[in-house]
Structure formats: structure tokens, C-alpha cells
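Results of the structural survey
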Amino acid sequence: MPARVVRLAAGLAGAASAPALAATAILAQAADPTLSGVIDRARNVVVALLAALATLQLTIAGVRYLLAAGEPEQIEKAKRGVRAAAIGYGLAALAPALVALLKQIVGV
């Protein structure tokens, strides 16, 4: 029985150090001071924000359309929301290409 306790304690100690190792790896990756690395991380953040906001806008537009009850004004607002979401998704899709163009111009 004590052998099981020892193995359990060793397993728990290993599990406790796993997040510390993962955090160290993430910090080491985040410490990449090159311009290319910074631009890539900024691109990832921008794409994530654009996609999240576009999804939120599309959801709001869909709810607005469902609750419009035939009111032309509300239906038009919902259509504008869908258009805005489509533009957001388009910008999110174009972001990697725009960043590649920026890198080419900067020379990174």
C-alpha cells in the first residue's frame, strides 16, 4: 500500500510541474525579440479579434432579424449587421496576406 502512495505522490508532483514547464515554454516563445516574431504574434491577435467580433456581430444580427417581426427598419439593421460581419470575416481572411506584404515591404 505505501508503494501506491509513493507512486501517487510522484505522479502528482509530475503533474504539478507540467504547467510550470508549459508556462516556461510559452514565455520563452513570447520572448522572441525579432521583428518577424512580433509581427506574426500581432497578426494572430488581430485575426482572432476580427473573427470574434465578426461572430458576435453576426449573432446579434441574426437575433435582431428573428425578433424584427416584419418591421422593415429592424430587418434593415439586421442586414447591415450581416454585411458588417462579412466585412470582418473578409478582413480576418486577408490579414495574413496583408502581413506578408508588410513583411516584404519592411524586408523581414
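Look up: the structure comes first, before these words.
Conventions we followed
- Numbers given to residues run from 1 along each chain, matching the order in which its sequence is written.
- Per-residue local features of the predicted model are confined to residues with pLDDT of at least 70, and side-chain atom pairs are confined, for both listing and counting, to 80 or more; whole-chain, interface and lining totals are unaffected and use all residues.
- Excluding hydrogens and water, the side-chain figures rest on all heavy atoms present in the structure.
- Put simply, DSSP H or I for four residues or longer makes a helix, DSSP E for two residues or longer makes a strand, and each gets a number counted from the N terminus.
- Per-residue accessibility, obtained with a 1.4 Å probe over protein chains only, is compared with the maximum for each type, and a residue is labelled buried under 20%, exposed over 50%, and partly exposed between these values.
- A helix is expected to span 1.5 Å multiplied by its residue count minus one.
- Throughout, bend refers to the angle between the axes fitted to the seven residues that end at a position and the seven residues that start at it.
- Whether two residues are in contact is decided by their heavy atoms: any pair within 4.5 Å suffices.
- Surface patches are drawn from residues lacking salt bridges whose relative accessible area is over 30%; two like charges belong together within 9 Å, two nonpolar side chains (Val, Leu, Ile, Met, Phe, Trp, Tyr) within 5 Å.
- Surface accessibility in these figures is a Shrake-Rupley result with a 1.4 Å probe; residues are shielded only by whichever protein chains are displayed.
- By convention in these notes, a salt bridge is any Lys or Arg side-chain nitrogen within 4 Å of a carboxyl oxygen on Asp or Glu.

1. Observations concerning unusual backbone geometry
Of note in the backbone geometry, Ala69 takes a positive phi value of approximately 55° without being a glycine. Among the secondary structure elements, Ala69 is positioned in the loop between α2 (35-66) and α3 (72-106). With relative accessibility at 73%, the residue Ala69 sits in the exposed group.

2. So, the environment of Ala86
The topology assignment puts Ala86 in helix α3. For the pair formed by Ala86 and Ala51, sequence separation is 35 residues and the distance between their alpha carbons is 10.0 Å.

3. Here's the deal with α3
Taking 1.5 Å as the rise per residue, α3 with 35 residues should run 51 Å; its terminal C-alpha atoms sit 49 Å apart, in good agreement. The largest bend along α3 reaches roughly 40° and is located at Ala95, with the proline Pro96 sitting one to four residues downstream. Listed in full, the buried residues belonging to α3 are Ala78, Gly81, Ala85, Gly88, Ala92, Ala95, Val99 and Lys103. Tucked into the core, α3 has its buried residues touching α2. Immediately beyond the C-terminal end of α3, within one or two residues, lies Gly107, with a positive phi of roughly 95°.

4. Regarding a nonpolar patch on the surface
A surface patch of nonpolar side chains, about 740 Å² in accessible area, is lined by Leu35, Leu94, Leu98, Leu101, Leu102, Ile105, Val106 and Val108. Of the residues forming the nonpolar patch, the biggest block, six residues, is contributed by α3. Positionally, Val108 belongs in the segment after α3. A residue is classified by how much of its surface remains accessible, and Val108, at 45% relative accessible area, is partly exposed.

5. Notes on the pattern of salt bridges
For the structure shown, the criterion picks out three salt bridges. The salt bridge involving Asp40 is made with Lys103; its shortest N-O contact spans 2.5 Å. Taken together, the residues span a long stretch of sequence, with Asp40 in helix α2 and Lys103 in helix α3 at a distance of 63 residues. Assessed through its relative accessible area of 16%, Lys103 is described here as buried. One network of salt bridges, in which partners are shared, links Asp40, Arg43 and Lys103.

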